[in-house]
Amino acid sequence: MMDQIAQLREKMNTILIEDKATLERFRQDFIGKKGSIAALFETFKQLPIAAKKTIGPLLNGLKNEAEKKFKSAASILEAVAPAIQQPVDVTLPAFGPAIGSLHPLTIVQNKISSIFQRIGFNLAEGPEIVGNWHNFGALNFPENHPARDLQDTFFLQLNPVQLLRTHTTSVQISTCTDQSPPIRSIAVGRVFRNEAISARSHCFFHQVDGMYIDTAVTFSDLKGTIYHFVEAMFGRATKLRFRASYFPFTEPSAEVDIHCRLCQGKGCTVCKQSGWVEILGAGMIDPNVLTNCQIDPEQYSGFAFGMGIERIAMLLYQIDDLRLFSENHLDFLRQFKGCLGFSDGAVFAK
Ligand SMILES: [Zn+2]
């Protein structure tokens, strides 16, 4: 009897259950009322009591193994049944690789750079740590100007005359010092201010700074350039206005506003009910700045402008919180998939 149990176990273990038909045959052969195990139980009944004590656990063990194998095979066949009913179409195209997307600030930076490069501006870059002179002194900031204060600027602890640049205008000083007019240059990069982080301000952000120095450059050249930029960036129908302002390094100075894109100029919380949103500061380069860069203000004149890339991106994409740009939420970043930002008409098509 023990031999019979061993043989049946061996036979059972060699059976491979691949489909429902094999499963049913297995059930009939082993577990069913007319199966091999049931037949052994019939024989078992005839055994003397002493033999039953030995054989009983073995026979029960075999029965349990058979039932376990049956249940396991049945659940596997059930799980794969849908896949078998719907075979894979191997001729279908494969899934493409997951491609990342450009950061919205990179897209807008590309777009701004491209607009100015197409009208003859060169792209300049410079270090993020600069000297006091490049950031303030050469740009006509008075010694007691509040921007030079620790409250507004990050100075290096080890070398307090070095600081994290507060604007990309510092790059323009290097450009003016290294080159001679005519100069048409834009500087793009990250800048730092000692400000609390909120929806409207951050301790770092990005700027584009531009300048044009040549003989007989006038304010109308500046206006023409800004009109061109606003049209290329926000569309032809965009209204803009120049508003008198003050910057230490330009005279006269102006700030440029465009019609609020959220309320179409009717007034909302974003534009503080004014209908206008500031996008950049500009002006004619102060003669003192030209002199500081060894450029003769009697012979040359120039204009300069500067804008925050975050502000342009917020207006363009109607983003209401500055912090979204640096928090790296994938749901936010994935919205810009497919955008490159280079200026060729259909720049922002997805
Ligand atoms: Zn508005």
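Residues numbered from 1 in each chain as written. Predicted model: local features only at pLDDT ≥ 70, side-chain atom pairs only at ≥ 80, totals over all residues. Heavy atoms only, no water.

(A) Up close: the sheet that holds strand 9 (residues 301-308). Spatially, the 7 strands line up as an open sheet ordered 1-4-5-9-8-7-6, and their pairing is mixed. Since the sheet does not close on itself, it has two edges, and those belong to strand 1 (122-124) and strand 6 (240-247), each with one partner. Neighbour-to-neighbour, the strand axes of this sheet turn through a mean angle of 25 degrees, independent of strand direction. Alignment of strand 6 against strand 7 (residues 250-259), held across 7 bridges, turns out to be antiparallel. Bridge pairing in strand 7 places Phe247 opposite Thr250. In the packing of helix 5 (residues 104-117) onto the sheet, contacts are made with strand 1, strand 4 (183-192), strand 5 (204-214) and strand 9, and the angle to strand 4 comes to roughly 165 degrees. (Pairing = 2+ DSSP bridges. Helix = DSSP H or I, 4+ residues; strand = E, 2+ residues; numbered from the N terminus. Axes fitted to C-alpha atoms, helices over the stretch in contact; angles between N-to-C directions. Contact = heavy atoms within 4.5 Å.)

(B) Quick peek at the domain arrangement of the chain. For the chain, the domain assignment lists domain 1 (2-85) and domain 2 (104-336). Between the C-alpha centres of domain 1 and domain 2 there is a distance of 82 Å. (Domains from an automatic or database assignment.)

(C) Here's a closer look at the environment of Gly265. Tracing the backbone through its elements, the reader meets Gly265 in the loop between strand 7 and strand 8 (276-285). What makes Gly265 partly exposed here is its relative accessible area of 25%. Considering only alpha carbons, one finds Gly265 and Val277, 12 residues apart in sequence, at a separation of 9.2 Å. In this structure, Gly265 is in contact with His259, Cys260 and Gly275, ignoring residues within four places of it in sequence. (Buried < 20%, exposed > 50% of the residue type's maximum accessible area, 1.4 Å probe, protein only.)

(D) Representation of the packing of aromatic side chains within the structure. Throughout the structure, instances matching the rule amount to 16 aromatic pairs. For the ring pair Phe136 and Phe141, a centre distance of 5.1 Å and an interplane angle of 70 degrees mean the geometry is edge-to-face. Comparing Phe136 with Phe141, the two get one shared label, buried. Ring geometry for Tyr212 versus Phe303: centroids 5.7 Å apart, planes at 75 degrees, classification edge-to-face. Of this pair, Tyr212 sits in strand 5 while Phe303 sits in strand 9, and the two are 91 residues apart along the sequence. A relative accessible area of 16% means that Tyr212 is categorised as buried. For Phe303, a relative accessible area of 0% puts it in the buried group. Cation over ring: Lys52 sits above Phe44, and NZ or CZ is 5.9 Å from the ring centre. For the cation-ring pair, Lys223 lies above Phe242, with the distance from its terminal atom to the ring centre recorded as 5.5 Å. (Phe/Tyr/Trp six-rings, centres within 6.5 Å; stacked < 30°, edge-to-face > 60°. Lys NZ or Arg CZ within 6 Å of the ring centre and 35° of its normal.)

(E) How the structure looks around unusual backbone geometry. A cis amide bond links Pro181 to the next residue, Pro182, at an omega of 5 degrees. Along the chain, Pro182 falls in the loop between helix 7 (169-178) and strand 4. At Gln273, a residue that is not glycine, the phi angle is positive and equals roughly 65 degrees. Given the relative accessible area of 52%, Gln273 is considered exposed. In the Ramachandran plot, Gln318 falls in the positive-phi region, its phi being about 55 degrees despite a non-glycine side chain. Examined against the element boundaries, Gln318 turns out to sit in the loop between helix 10 (309-317) and helix 11 (330-333).

(F) Up close: the environment of Thr43. One can find Thr43 in helix 3 (residues 36-45). Sequence separation between Thr43 and Met1 is 42 residues; the distance between their C-alpha atoms is 8.5 Å. Only 3.1 Å separates the side chain of Thr43 from the backbone oxygen of Ala39, close enough to count as a polar contact. (Polar contact = N/O pair within 3.5 Å; in protein donor to acceptor, adjacent residues only side chain to side chain.)

(G) How the structure looks around the packing of helix 1 (residues 2-14) against helix 3. Across the interface, helix 1 lies against helix 3 with an axial gap of 11 Å and an inter-helix angle of 170 degrees. Taken together, the axes of helix 1 and helix 3 lie roughly antiparallel to each other. Together, Gln4, Ile5 and Leu8 of helix 1 and Ser36, Ile37 and Leu40 of helix 3 make up the contact between the two elements. Its residues assigned to classes, the contact of helix 1 with helix 3 comprises 4 nonpolar, 2 polar and no charged. (Parallel < 35°, antiparallel > 145°, perpendicular 65-115°, else oblique. Nonpolar A, V, L, I, M, F, W, Y, C, P; charged D, E, K, R; others polar.)

(H) How the structure looks around the pattern of salt bridges. For the structure on display, the rule yields 9 salt bridges. Notably, a salt bridge pairs Arg236 with Glu231, separated by 3.8 Å at the nearest N-O pair. Through salt bridges with shared partners, a single ionic network connects Arg241, Arg243, Glu255 and Asp257. (Salt bridge = Lys/Arg side-chain N within 4 Å of Asp/Glu carboxyl O.)

(I) Structural view of helix 2 (residues 20-31). Between its terminal C-alpha atoms helix 2 stretches 15 Å, which fits the 16 Å expected from 12 residues at 1.5 Å a residue. Those residues of helix 2 that fall on the buried side of the exposure criterion are Thr22, Leu23, Phe26 and Phe30. Looking straight down helix 2, one finds its buried side chains confined to an arc of 100 degrees; they lie on one side. (Expected span 1.5 Å × (residues − 1). Arc of directions from axis to C-beta.)

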